[in-house]
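Listed here are the chains, written in short residue letters.
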Amino acid sequence: MPELPEVETVRIGLDRLLPGKIIERVTFDWPKGFPNTPADVDAFLVGARITAVKRRAKVLLIELDSKYSLVIHLKMTGQLVFRGAEQAFGAGHPNASLVGNLPDKSTRVTFTFKGGDHLFFNDQRKFGWVRLLPTAEVPQIDFFQKVGPEPLAKDFTATDFANRLRRRNGSGIKAVLLDQTVVAGIGNIYADESLWGAKIHPLEKVGQVSDARLKMLYQKLVDVLRLSIEKGGSTDKNYVDAEGKRGSYLTFANVFRREGKPCPRCGTTIIKTRVAGRGTHLCPHCQKELV
DNA sequence: CACTTGACCTGTCCGC
DNA sequence: TGCGGACAGGTCAAGT
């Protein structure tokens, strides 16, 4: 589910709520998703104080003063929702919330803090995962060894972007955007939105796209990621931020989930098709496939 | 080797 | 209303 803007939105929320909190209890029974032993959890998590919440690619890093970190991937349907002690476990949040009483049937891990606040890891489809690791070992995990650069990093340029994509000149460009080892954090929504912005057909081979158009794609990608973070991400079905609130980016989406509606640029009806195994939205007039 | 396809899960929606 | 099948925002492993 969540892509870079959604994970970043959760990070911002958690980083406001969690630092300083001390973990008092952790409830979990999900060996596949959270394989650490109760002994490890007791030793390195219970009693530890949260120092910071960071993000790399679509992965959240909750750092602790025990020199351990919680490494969390939300995958498709993961949610990390904070409930203050005064909210009890109920849904009585002042903002429209997608989540009701917690824990619920999708709750996989519950963190209880000293003072009675809670953090719930919910994941309907159980694709997500949680790992407790020594902070120093976090960069060594397979995913971080292979993942590409952050598209919003200050030192990441249009030229860097083009050079990374060019390593896969023979592939369709959407598949390359979705490949986390090329550039980190892009998923189905922002691949479709940025390709529409740059007027590139998702099946076009990277090798056929000019440098100028790759540069345009970089700009559209950065724009759409920044806009989405500003809007709190995209909520289609499951995604919520750290307070259980929806994101509003999809209100601004140009093609994603807009099949049958007019292209905002030319009025042609937007179509949905399948590319790289994923539902793919595009304007058949603006985004012509070069043969 | 590079690229594509299925698998992982649960839930929902759509057509018959 | 019931049932089967397709599909859902991500990533790996296995296959071609």
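Quick look at the structure, then. (Residues numbered from 1 in each chain as written. Chains lettered and ligands numbered in written order. Predicted model: local features only at pLDDT ≥ 70, side-chain atom pairs only at ≥ 80, totals over all residues. Heavy atoms only, no water.)

**A look at the protein's contact with DNA strand C**
Inclusion rule: We define proximity as follows: a residue is near a molecule or strand when any one of its heavy atoms falls within 4 Å of that partner. The definition of a polar contact used here is a pair of N or O atoms within 3.5 Å, where within protein one atom must be able to donate a hydrogen and the other to accept one, and adjacent residues in sequence count solely through side-chain atom pairs. Put simply, DSSP H or I for four residues or longer makes a helix, DSSP E for two residues or longer makes a strand, and each gets a number counted from the N terminus. The nonpolar class holds Ala, Val, Leu, Ile, Met, Phe, Trp, Tyr, Cys and Pro. Asp, Glu, Lys and Arg form the charged class, and all remaining residues, Gly among them, are polar.
Residues in contact with DNA strand C amount to 23 residues; listed here are only the nearest, Lys58, Lys237, Tyr239, Arg274 and Arg278. Note that a phosphate oxygen of DNA strand C is positioned 2.6 Å from one of the side-chain N or O atoms of Lys58. Asp236 places a polar main-chain atom, nitrogen or oxygen, 3.3 Å from a base nitrogen of DNA strand C. Only helix H6 (188-197), strand S9 (271-275) and strand S10 (278-282) provide two or more residues apiece to the surface near DNA strand C. For the surface near DNA strand C, a count of residues per class yields six nonpolar, seven polar and 10 charged.

**What about the protein's contact with DNA strand B?**
With respect to spatial proximity, the complete set of residues near DNA strand B consists of Lys32, Lys105, Gln124, Arg125, Lys126, Phe127, Arg168, Gly170 and Ser171. Among all atoms of DNA strand B positioned within 4 Å of the protein, those belonging to sugar or phosphate total 65%. In the environment of DNA strand B, a sugar or linking oxygen lies 3.3 Å from a nitrogen or oxygen atom belonging to the side chain of Gln124. Interatomic distance of 3.0 Å between a side-chain N/O atom of Arg125 and a base oxygen of DNA strand B. Tallied by class, the residues present in the surface near DNA strand B amount to one nonpolar, three polar and five charged.

**A closer look at the sheet that holds strand S1 (residues 23-28)**
Stated formally: Two strands are said to pair when DSSP picks up at least two bridges between them. Axis definition: a line fitted to C-alpha atoms, limited for helices to the stretch in contact. Angles are taken between N-to-C directions and run from 0 to 180 degrees.
The four strands lie next to each other as S1-S6-S7-S5, forming an open sheet whose pairing is antiparallel. Every interior strand has two partners, whereas the edge strands, S1 and strand S5 (78-83), have only one. Neighbour to neighbour, the strand axes of the sheet diverge by 15° on average, direction disregarded.

**Considerations on the packing of aromatic side chains**
Filter applied, for reference: Paired rings are identified among Phe, Tyr and Trp, the last through its six-membered ring, by centres lying within 6.5 Å, and are further divided according to the angle between planes into stacked (under 30 degrees), edge-to-face (over 60) and tilted (the rest). By the criterion adopted, a ring carries a charge over it if an Arg CZ or a Lys NZ lies within 6 Å of its centre and within 35 degrees of its normal.
Scanning the entire structure with this criterion turns up seven aromatic pairs. Where Phe156 meets Tyr218, the ring centres are 6.2 Å apart and the plane angle is 55°; that geometry is what we call tilted. Separated by 62 residues along the polypeptide, Phe156 in the loop between helix H3 (142-146) and helix H4 (158-166) and Tyr218 in helix H7 (residues 211-230) bring together distant segments of the chain. Geometry around Trp196 places Arg265 over its ring, the cationic atom sitting 3.8 Å from the centre.

**Side note on H4**
Rule in force here: To sort residues, take the accessible area from a 1.4 Å probe on protein chains only and compare it with the maximum for the residue type: under 20% means buried, over 50% means exposed, and anything in between is partly exposed. This arc is built from the directions going out from the helix axis to the C-beta atoms. Whether two residues touch is decided by their heavy atoms; if any such pair falls within 4.5 Å, the residues are in contact.
Taken residue by residue, H4 has Ala158, Phe161, Ala162 and Leu165 as its buried positions. An end-on view of H4 places all buried positions within 95° of arc, on one side of the element. Buried residues in H4 make contact with helix H5 (173-178) and H7.

**Looking at the layout of surface pockets**
Think of a ball as big as a water molecule: rolled over the atoms, this probe shows where empty space is left. Applicable threshold: Both site types are read off a 1 Å grid over the protein atoms alone. A 1.4 Å probe that fits but cannot get out defines a cavity, while an open set with protein on both sides within 12 Å along at least five of seven lines defines a pocket; lining residues have an atom within 4 Å of a point. Grid points are joined across faces, edges and corners, and a volume is the space filled by probe spheres set on the points.
Size it by volume and the second largest pocket reaches roughly 150 Å³. What lines the second largest pocket is Thr77, Gln79, Leu98, Val99, Asp104, Lys105, Ser106, Asn122, Asp123, Gln124 and Asn238. Tallied by class, the residues present in the lining of the second largest pocket amount to two nonpolar, six polar and three charged.

**Concerning the pattern of salt bridges**
To keep things clear, this is the line we draw: Here, a salt bridge means any side-chain nitrogen of Lys or Arg that lies within 4 Å of a carboxyl oxygen of Asp or Glu.
Scanning the entire structure with this criterion turns up 13 salt bridges. Between Glu8 and Arg11 there is a salt bridge whose closest N-O contact spans 3.0 Å. One end of the pair is Glu8 and the other is Arg11, both in helix H1 (residues 4-17) and three residues apart, which spans about a single turn. For the pair Glu8 and Arg11, a shared accessibility class is recorded, and that class is buried.

**Observations regarding unusual backbone geometry**
The residue after Leu102, namely Pro103, is reached through a cis peptide bond having omega -5°. At Ala57, a residue that is not glycine, the phi angle is positive and equals roughly 55°. Counting through the fold element by element, Ala57 comes out in the loop between strand S2 (50-56) and strand S3 (59-64). The backbone of Ala276 sits at a positive phi, close to 55°, despite the residue not being glycine.

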